[in-house]
Amino acid sequence: MTIKYKDFLRNQEAKAGPCPFCNMKEDIIIARNGLAYLTLALAPYNKDHLLIIPTRHVKHIFDVTPEEHAAVRMLEKKAWDLLKSVGHSGVSFVVREGKSSGGTVEHLHYHAIPDTRLGNMDADGDERVVLSPKEHVAETNRFRDAYSKI
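Below, the structure is looked at part by part. Note that this is a predicted model, so its numbers are computed, not measured.

Spatial ordering of the open sheet is given by β1-β2-β3-β5-β4, a layout of five strands whose pairing is antiparallel. The open sheet is flanked by β1 (29-32) and β4 (91-96), the only strands paired with a single partner. In this sheet, neighbouring strand axes are inclined to one another by 20° on average, regardless of whether the strands run parallel or antiparallel. Bridge count between strand β3 (residues 50-54) and strand β5 (residues 109-114): three bridges; the pairing is antiparallel. Counterpart to L50 in the pairing with β5 is A112. The strands touched by helix α2 (residues 66-85) are β1, β2 (36-40), β3, β4 and β5; relative to β3, the strand with the most contacts, the crossing angle is about 165°.

Structure follows, in structure tokens:
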């Protein structure tokens, strides 16, 4: 039986149970290295979509220890090798933290999405536009100003 993702999420929110990434069943873990594990996405963006998940419940990317970061990187490399071995020729790595990024689990996780083009659409589903040289400089200056304040 096929379940739509929005229905799955509604059901998960109603349960309000423990973090699904902290309670991952061993029979669906492909590989682990002590500080992170590799699994197939339950709700994939496309076929063979993999996830790399720190074992420790961590919400923010900058809360990951150097050791955890190295463990995740090692599994990203293994994920890419695995995807190539089953016939894929490209991969997009996406980091998810927080719900505003489109993430639905508040446990930092990394996606390895094979053969996916991010496309020509912006976040609202409209066609992307190219900044004029003047707009590009203005936006760069806005970020330089913000950078100088952090």
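With that settled, consider the environment of A43. Here A43 is to be found in the loop between β2 and β3. Expressed as a C-alpha distance, the spacing of A43 and K4, which sit 39 residues apart in the sequence, is 9.0 Å.

Quick look at the nonpolar core now. Judged by nonpolar contacts, the single largest core of 14 residues is most densely connected at L38, L50, I52, A79, Y110 and A112. When residues in this core are grouped by element, the largest group, five residues, is from α2. Excluding its chain neighbours within four sequence positions, the residues that come into contact with I52 are Y37, L38, V72, L75, E76, A79, H109, Y110 and A112. Core analysis: the second largest hydrophobic core is formed by eight residues, F21, Y37, I53 and V105 among them.

As for its placement among the helices and strands, G87 is situated in the loop between α2 and β4. Of the residues examined, G87 reaches a relative accessible area of 61% and is grouped as exposed. Between the alpha carbons of G87 and D115 there is a distance of 9.9 Å; along the sequence they are 28 residues apart.

Quick look at the side chain of T39 now. Relative to the elements of secondary structure, T39 occurs in strand β2. A distance of 2.6 Å separates the side chain of T39 from the backbone oxygen of I28, its partner in a polar contact.

Further remarks concern α2. With 20 residues, α2 should reach 28 Å at 1.5 Å per residue; the first-to-last C-alpha distance of 29 Å fits that figure. Along α2, the positions that sit buried rather than exposed are E68, A71, V72, L75, E76, A79 and L83. Buried residues in α2, looked at end-on, bunch into an arc of 145°, giving them a common side. Exposed residues lying more than 90 degrees from the buried face of α2 are P66, E67, K77 and S85. Elements in contact with the buried residues of α2: β1, β2, β3, β4 and β5. Phi turns positive one or two residues past the end of α2, at G87, with a value near 105°.

Here we come to a nonpolar patch on the surface. Side chains of I30, L40, L82 and V86 sit close together on the surface and give an oily, nonpolar patch of about 340 Å² of accessible area. Here L82 shows up in helix α2.

Basis of the calculations
- Residues numbered from 1 in each chain as written.
- Predicted model: local features only at pLDDT ≥ 70, side-chain atom pairs only at ≥ 80, totals over all residues.
- Heavy atoms only, no water.
- Pairing = 2+ DSSP bridges.
- Helix = DSSP H or I, 4+ residues; strand = E, 2+ residues; numbered from the N terminus.
- Axes fitted to C-alpha atoms, helices over the stretch in contact; angles between N-to-C directions.
- Contact = heavy atoms within 4.5 Å.
- Core = buried A, V, L, I, M, F, W, Y, C linked by side-chain atoms within 4.5 Å.
- Buried < 20%, exposed > 50% of the residue type's maximum accessible area, 1.4 Å probe, protein only.
- Polar contact = N/O pair within 3.5 Å; in protein donor to acceptor, adjacent residues only side chain to side chain.
- Expected span 1.5 Å × (residues − 1).
- Arc of directions from axis to C-beta.
- Patch = residues over 30% accessible without salt bridge, like charges linked within 9 Å, V, L, I, M, F, W, Y side chains within 5 Å.
- Areas by Shrake-Rupley, 256 points an atom, 1.4 Å probe, with all protein chains shown as cover.
- Salt bridge = Lys/Arg side-chain N within 4 Å of Asp/Glu carboxyl O.

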